[in-house]
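# Architecture and fold: a report
The lines below spell out each chain.
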Amino acid sequence: MSTEPQFLSFKGLKQYTPEDGWGQVNSILQSHTQQASAPAQPSYKPQSQHAAAPENVPTLTETPEASDNASPMFDPLIHELFEQLRVPPSDELTQTWRTIAAEVNLLTQRMALQRELQERLQKLDQDLLDLRGTILSHLADVQHAADQQLSSARLRAEVSALAQSKLAAKLTHKR
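Bear in mind the structure is a predicted one, so any value in this text is a computation, not a measurement. (Residues numbered from 1 in each chain as written. Predicted model: local features only at pLDDT ≥ 70, side-chain atom pairs only at ≥ 80, totals over all residues. Heavy atoms only, no water.)

## Some points on the overall build of the protein chain
- Counting secondary structure elements, the protein chain contains three helices and two strands.
- Within the span of the protein chain, comprising 175 residues, buried residues form 12% of the whole.
- Nonlocal contacts in the protein chain, meaning residues at least 24 apart in sequence, comprise 43% of its contacts between residues at least 6 apart.
- With the model as given, the accessible surface of the protein chain reaches about 14700 Å², and the carbon-plus-sulfur share is 59%. (Helix = DSSP H or I, 4+ residues; strand = E, 2+ residues; numbered from the N terminus. Buried < 20%, exposed > 50% of the residue type's maximum accessible area, 1.4 Å probe, protein only. Contact = heavy atoms within 4.5 Å. Areas by Shrake-Rupley, 256 points an atom, 1.4 Å probe, with all protein chains shown as cover.)

## As for a nonpolar patch on the surface
- A surface patch of nonpolar side chains, about 400 Å² in accessible area, is lined by Ile78, Leu81, Phe82 and Leu85.
- Looking at the element boundaries, Leu81 is found in helix α2 (residues 76–86). (Patch = residues over 30% accessible without salt bridge, like charges linked within 9 Å, V, L, I, M, F, W, Y side chains within 5 Å. Salt bridge = Lys/Arg side-chain N within 4 Å of Asp/Glu carboxyl O.)

## Remarks on the confidence of the model for the protein chain
- Averaged over every residue, the pLDDT of the protein chain is 76; residues scoring 70 or more account for 61%.
- Across the protein chain, the element-wise mean pLDDT spans from 57 in helix α1 (residues 25–37) up to 93 in helix α3 (residues 91–173).
- Contacts of residues 40–51 to residues separated by more than four positions or lying in other chains number 18 contacts, the stretch itself having pLDDT below 50. (pLDDT = per-residue confidence, 0-100.)

What follows is the structure, encoded as structure tokens:
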């Protein structure tokens, strides 16, 4: 395992190393810091769980300071990402997204209203077509009745004219 500082230092957290197997993170960190200061003694010395972490090991709540000799574990790009995550969004951007969300909600409501109105319009169009058909049917019935009345009137007129001519013929021949 490399001698770079680890950022996890919680009590009870275990870490596996090929040389030593599973061990407490605090113990492994202390053994690695001892190895870094005295490389001639690569022995593993288990520490109690109450031993404090080395001072140069950051915790999860701390952020490392960017320096020239920073380890590859503390990448400046990751540091910049965390800085961006800590900065709250600007009011302009937040307000713009709120406006967009409100407009999308309004658009959704209006589209639902439009669909409802289109359905009502289609029903109204169908009702109008049915009413026109009914009116045309009634007009055809009236026309038929009027045609029958006209035929009856012509027939009566012809019968009257025939009766008049026959009656006039009888009255003129007897004299």
